[in-house]
Amino acid sequence: MTSEPRPKKWRRRFVRTAIVLLVLALVVRIAVPLALPSALASWAESNDLVAKYDELDLSVLTGDLELWHLSLSAPDSEGDEREALHVEFAALHLDFSSLFTGRPRIGRVEIDGLDLFVEREADGTFSSPLARGGAGSPSREPREPLKTREPEAGSDPDPDAESPTPLDLELPFELAALRVQEVRVDLLDRTVSPALHRRFEAGLRVSDVGSRSRRARIELRASAPGTLDALHLSASVGGSSEELDARLSVELAGLHPEELESFLTPSGITPVADTLAFGLDGILRVRAGTPRAPATRVSLELSNVALSADDVPAFTIAEVTATALLGGPVIEVPEIALRGIRGDAVRLADGALAAAGLELRPVATTETEPGPPPPPPQAPTPPGPTPAGPPRPLLRPHHPH
């Protein structure tokens, strides 16, 4: 009896494997679009939100997910739905083959057109339907802080207790590209009458996060018509599982403080300058500990810190250095140093301090906290036995000279 040739066996196994993978892909392709709406609706209902979207497209073979017009709404105090977040288009590309390596790789995440609605109440607090979960959501009890058991005095350390392990700075995933564009944050300010509407616009670009061969790059650009001309933040991050370093730069141009007067006045700040500008360069280094010294060391170096008002230098710092040790119940800060501080300030006639295009005044408290109630009157002390000897006078007599 002759056995079946080996090529036919491998061909049959390959066909069976391909059929299984094809069936699995079809099941996922059908199940995910059916399960995602119910999962999204369940999550939204648990947070007292209403989630809707127009179209969902999923390709299991290529790992692409596309979503159009995702909307999250929350009921207000009158029961009407108010949109809190709207995403015009979102796309995700996942490399499925990387799931078998234990380190997932996300090829690209794209969000085009994101609108977020935030309100500032009359008392100055910020609120959003996403944060409060709708006006009708039940209040949640605050979580109790974690309690740590302190060792008793004189007790020996537990030999079976696990020693803290050093922090691994390598990310468990890789993100090749993140693009978030046309972000609009609409703020309704009710601290002034009539309520004032402000809009902030931003865009975010992130590349090569978690890459072992390239430095990650982060770039954020933001503006607010009439309030902020431009904000540019750029950073690059690189390193290994033991050490990371991030180089960053911040440039803020054309900030008009008079447009933020409703935010500054409650803090005793009066804007005087028309425009403010700010900038700095920095390096952040993070070094993981060792088994003998597991504390993570974080160091920050800032340079070229400069603040100007109406194109006139107002405040500069040549160098700022700080070091912190993390890894225990207490954060140790062994070093903070500032070098090359220069600035101009003027004391005004009313006692205010004028500096960097702003006038600083102490905030007058309109309400005072009630003090403790007066103690109850004490009962008179019953007279006791007269001591021996002449009584001592309560007041020393005064003899004029």
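Residues numbered from 1 in each chain as written. Predicted model: local features only at pLDDT ≥ 70, side-chain atom pairs only at ≥ 80, totals over all residues. Heavy atoms only, no water.

Draft legend 1. Representation of the layout of surface pockets within the structure. The space that makes up the largest pocket amounts to roughly 350 Å³. Where the lining of the largest pocket is concerned, the elements lending two or more residues are β8 (196-209), β9 (216-224) and β10 (228-239). In terms of residue count, β10 provides more of the lining of the largest pocket than any other element does, 3 residues in total. Of the residues assigned to the lining of the largest pocket, the class counts are 7 nonpolar, 7 polar and 5 charged. (1 Å grid on protein atoms, 1.4 Å probe; cavity = no way out; pocket = protein on both sides within 12 Å on 5 of 7 lines; lining within 4 Å. Points joined across faces, edges and corners; volume = space filled by probe spheres on them. Helix = DSSP H or I, 4+ residues; strand = E, 2+ residues; numbered from the N terminus. Nonpolar A, V, L, I, M, F, W, Y, C, P; charged D, E, K, R; others polar.)

Draft legend 2. Representation of the pairing of strand β11 (residues 243-255) within the structure. Looking at chain direction, β10 and β11 are connected through 11 bridges and run antiparallel. What sits directly across from glycine 239, in β11, is leucine 244. Between the end of β10 and the start of β11, which pair antiparallel, lie 3 residues. (Pairing = 2+ DSSP bridges.)

Draft legend 3. Highlighting unusual backbone geometry. A positive phi angle is found at aspartate 208, which is not glycine, with a value near 60°. As for its placement among the helices and strands, aspartate 208 is situated in strand β8. A relative accessible area of 13% means that aspartate 208 is categorised as buried. One non-glycine residue, alanine 356, lies in positive phi territory at about 55°. Within the secondary structure layout, alanine 356 lies in the loop between β18 (353-355) and β19 (358-360). What makes alanine 356 buried here is its relative accessible area of 13%. (Buried < 20%, exposed > 50% of the residue type's maximum accessible area, 1.4 Å probe, protein only.)

Draft legend 4. Examining the pattern of salt bridges more closely. A full pass over the atoms with the stated rule returns 19 salt bridges. A salt bridge links arginine 184 to glutamate 88; the nearest nitrogen and oxygen atoms lie 3.5 Å apart. Of this pair, arginine 184 sits in strand β7 (residues 174-189) while glutamate 88 sits in strand β4 (residues 81-95), and the two are 96 residues apart along the sequence. Judged by relative accessible area, which is 16%, arginine 184 ranks as buried. Glutamate 88 gets classed as partly exposed once you look at its relative accessible area, which sits at 32%. (Salt bridge = Lys/Arg side-chain N within 4 Å of Asp/Glu carboxyl O.)

Draft legend 5. Focus on the sheet that holds strand β12 (residues 269-271). Read across the sheet, 4 strands follow the order β12-β19-β18-β17 without closing on themselves; strand pairing throughout is antiparallel. Two strands close off the open sheet at either side, each with one partner strand: β12 and β17 (345-347). Going from strand to strand, the sheet's axes swing by 25° on average, the running direction of each strand aside. When β18 meets β19, the two strands line up antiparallel, connected through 3 bridges. Along β19, the bridge assignment pairs alanine 354 with glutamate 359. (Axes fitted to C-alpha atoms, helices over the stretch in contact; angles between N-to-C directions.)

Draft legend 6. Expanded view of the packing of aromatic side chains. Scanning the entire structure with this criterion turns up 1 aromatic pair. Between the aromatic rings of tryptophan 68 and phenylalanine 89, the centroid separation amounts to 5.4 Å while the plane-to-plane angle is 55°, which identifies the pairing as tilted. Taken together, the residues span a long stretch of sequence, with tryptophan 68 in strand β3 (residues 64-75) and phenylalanine 89 in strand β4 at a distance of 21 residues. (Phe/Tyr/Trp six-rings, centres within 6.5 Å; stacked < 30°, edge-to-face > 60°.)

Draft legend 7. Focus on a nonpolar patch on the surface. Side chains of Phe315, Leu326, Ile331, Val333, Ile336, Leu338 and Ile341 sit close together on the surface and give an oily, nonpolar patch of about 650 Å² of accessible area. Mapped by element, the contributors of at least two residues to the nonpolar patch are β15 (312-326) and β16 (332-343). Residue contributions to the nonpolar patch peak at 4 residues, all from β16. One can find isoleucine 341 in strand β16. (Patch = residues over 30% accessible without salt bridge, like charges linked within 9 Å, V, L, I, M, F, W, Y side chains within 5 Å. Areas by Shrake-Rupley, 256 points an atom, 1.4 Å probe, with all protein chains shown as cover.)

Draft legend 8. Structural detail: the environment of glycine 226. As for its position among the elements, glycine 226 is in the loop between β9 and β10. A C-alpha to C-alpha distance of 8.8 Å links glycine 226 and leucine 255, two positions 29 residues apart in sequence. Among residues more than four places away in sequence, those in contact with glycine 226 are His256 and Glu259. (Contact = heavy atoms within 4.5 Å.)

Draft legend 9. Layout of the environment of leucine 255. Along the chain, the position of leucine 255 falls in strand β11. Spatially, the C-alpha atom of leucine 255 lies 4.5 Å from that of leucine 228, the residues being 27 residues apart in sequence. Setting aside anything within four residues of it in sequence, one finds leucine 255 in contact with Thr227, Leu228, Leu260, Asp274, Thr275 and Leu276.

Draft legend 10. Region of interest: the nonpolar core. Core analysis: the largest hydrophobic core is formed by 15 residues, its most contacted members being Leu85, Val87, Leu114, Leu178 and Val209. Among the secondary structure elements, those contributing two or more residues to this core are β3, β4, β7 and β8. Here this core takes 4 residues from β7, the largest share from any one element. Look past the residues within four positions of valine 209 in its chain and what remains in contact with it is Leu171, Phe173, Glu174, Leu175 and Ala216. (Core = buried A, V, L, I, M, F, W, Y, C linked by side-chain atoms within 4.5 Å.)

Nothing here speaks to function; it is all geometry.
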